[in-house]
Amino acid sequence: MEYRKLSVDEAEQFWSLMNQLDYETKYMLYEPGERAKNLSIIESVIRESVEGKDFLLVAETDHKLIGYISAQKGNLNRIAHSAYVVVGILKDYRGKGIGTEFFKRLNVWAEENKVVRLELTVICKNEAAKHLYTKSGFEIEGIKRKAVCVDGEYLDEYYMAKVR
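Residues numbered from 1 in each chain as written. Predicted model: local features only at pLDDT ≥ 70, side-chain atom pairs only at ≥ 80, totals over all residues. Heavy atoms only, no water.

Novice: Hey, could you run me through the packing of aromatic side chains in this one?
Specialist: Pairs of aromatic rings are described using the distance from one ring centre to the other and the angle between the two planes. Taken as a whole, this structure holds six aromatic pairs when the rule is applied. When the ring of Phe103 is compared with that of Phe138, the centres are 5.6 Å apart and the planes differ by 75°; the resulting orientation is edge-to-face. Of this pair, Phe103 sits in helix 3 (residues 98-112) while Phe138 sits in the loop between helix 4 (127-135) and strand 6 (139-150), and the two are 35 residues apart along the sequence. For the pair Phe103 and Phe138, one class covers both residues: buried. In textbook terms, an aromatic cluster arises when at least three aromatic residues are bridged by ring pairs, as seen for Phe103, Tyr133 and Phe138. The lysine or arginine in question, Arg35, covers the ring of Tyr30, its NZ or CZ lying 4.0 Å from the ring centre. (Phe/Tyr/Trp six-rings, centres within 6.5 Å; stacked < 30°, edge-to-face > 60°. Helix = DSSP H or I, 4+ residues; strand = E, 2+ residues; numbered from the N terminus. Buried < 20%, exposed > 50% of the residue type's maximum accessible area, 1.4 Å probe, protein only. Lys NZ or Arg CZ within 6 Å of the ring centre and 35° of its normal.)

Okay, structure coming up:
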């Protein structure tokens with residue numbers, strides 16, 4: 001297993017990973033087939049992490065991207081100390097410590113970049129993710145009622161944060 005940053009020329013592979021995650025889980029934001037293939041936006045996201053503003057790390061095995069974690073810092077001065085976190089791991093690789101390793105490395109980046117607040121949302125039914133986040137030091141701050149609609153069912157999300 002290798003954990004590494006992406007290069008801008010890997011935008012299409014990164015899009016493919018995110019697109020596959022959309023088909024594998026109902027807990028990501030995009031529905032299957034909904035994610036536009038706009039490589040210039042993805043290249044910009046990768047560039048922001050390469051240049052050090054944001055955090056983006058992938059897990060790879062046998063030359064295949066199998067998961068990622070990203071954290072985007074606030075753009076305004078009053079929220080520059082915080083970052084919004086998104087994580088996705090292909091289903092065949094969940095439960096193998098990848099998420100735990102992702103959050104360990106995210107914590108190092110946060111400390112080095114003076115990020116004192118990491119935040120995310122998670123569908124309340126997603127017990128596995130909630131367990132990972134809690135284990136990584138995140139706490140539930142509130143509930144966003146009927147935050148998403150999946151297969152015609154409105155689902156609540158937890159607001160979670162880790163403040164250091």
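Novice: Explanation requested: the sheet that holds strand 6 in the structure shown.
Specialist: Adjacent strands of a sheet form backbone hydrogen bonds with each other and so pair up, either parallel or antiparallel. Strand order in the open sheet formed by seven strands is 1-2-3-4-5-7-6, and the pairing between neighbours is mixed. Looking along the sheet, the strands with just one partner apiece sit at the ends: strand 1 (2-4) and strand 6. Going across the sheet, the axis of each strand differs from the next one's by a mean of 25°, ignoring polarity. (Pairing = 2+ DSSP bridges. Axes fitted to C-alpha atoms, helices over the stretch in contact; angles between N-to-C directions.)

Novice: It is not clear to me how helix 3 should be interpreted in this structure. Could you clarify?
Specialist: Note that an α-helix has 3.6 residues per turn; residues three or four places apart therefore point the same way. In a regular helix each residue adds 1.5 Å, so 15 residues correspond to 21 Å; helix 3 covers 21 Å between its end C-alpha atoms and thus fits that length. All of the buried residues along helix 3 are Ile98, Gly99, Phe102, Phe103, Leu106, Trp109 and Ala110. The buried residues of helix 3 occupy an angular sector of 125° when projected down its axis, which confines them to one face. For helix 3, the exposed residues lying more than 90 degrees away from the buried face are Lys104, Glu111 and Glu112. (Expected span 1.5 Å × (residues − 1). Arc of directions from axis to C-beta.)

Novice: Would you take a moment to explain empty space enclosed by the protein for this structure?
Specialist: A water-sized probe, rolled over the atoms, reveals where empty space remains. All told, the structure shown has one cavity of 30 Å³ or more when counted by the stated rule. Along the walls of the largest cavity sit Val45, Glu48, Ser49, Asp54, Phe55, Leu56, Ser70 and Gln72, which together make up its complete lining. Elements with a contribution of two residues or more to the lining of the largest cavity: helix 2 (39-50), strand 2 (55-61) and strand 3 (64-73). Classifying every residue of the lining of the largest cavity gives three nonpolar, three polar and two charged. (1 Å grid on protein atoms, 1.4 Å probe; cavity = no way out; pocket = protein on both sides within 12 Å on 5 of 7 lines; lining within 4 Å. Points joined across faces, edges and corners; volume = space filled by probe spheres on them. Nonpolar A, V, L, I, M, F, W, Y, C, P; charged D, E, K, R; others polar.)

Novice: Sorry, what's going on with the side chain of Asp54 here?
Specialist: When you line up the elements, Asp54 lands in the loop between helix 2 and strand 2. Asp54 sits in the buried class, given a relative accessible area of 8%. A distance of 3.3 Å separates a polar atom in the side chain of Asp54 from a polar atom in the side chain of Lys53. (Polar contact = N/O pair within 3.5 Å; in protein donor to acceptor, adjacent residues only side chain to side chain.)

Novice: Explain helix 2 here, please?
Specialist: Over its twelve residues, helix 2 runs 16 Å from end to end, which matches the ideal 16 Å to within 8%, given 1.5 Å per residue. Considered for burial, the residues of helix 2 that qualify are Ile42, Ile46 and Ser49. For helix 2, the angular spread of buried residues about the axis comes to 55°, placing them on one side. Buried residues along helix 2 sit against helix 1 (11-24) and strand 2. Looking one or two residues beyond helix 2, the residue adopting positive phi is Gly52, at roughly 100°. (Contact = heavy atoms within 4.5 Å.)

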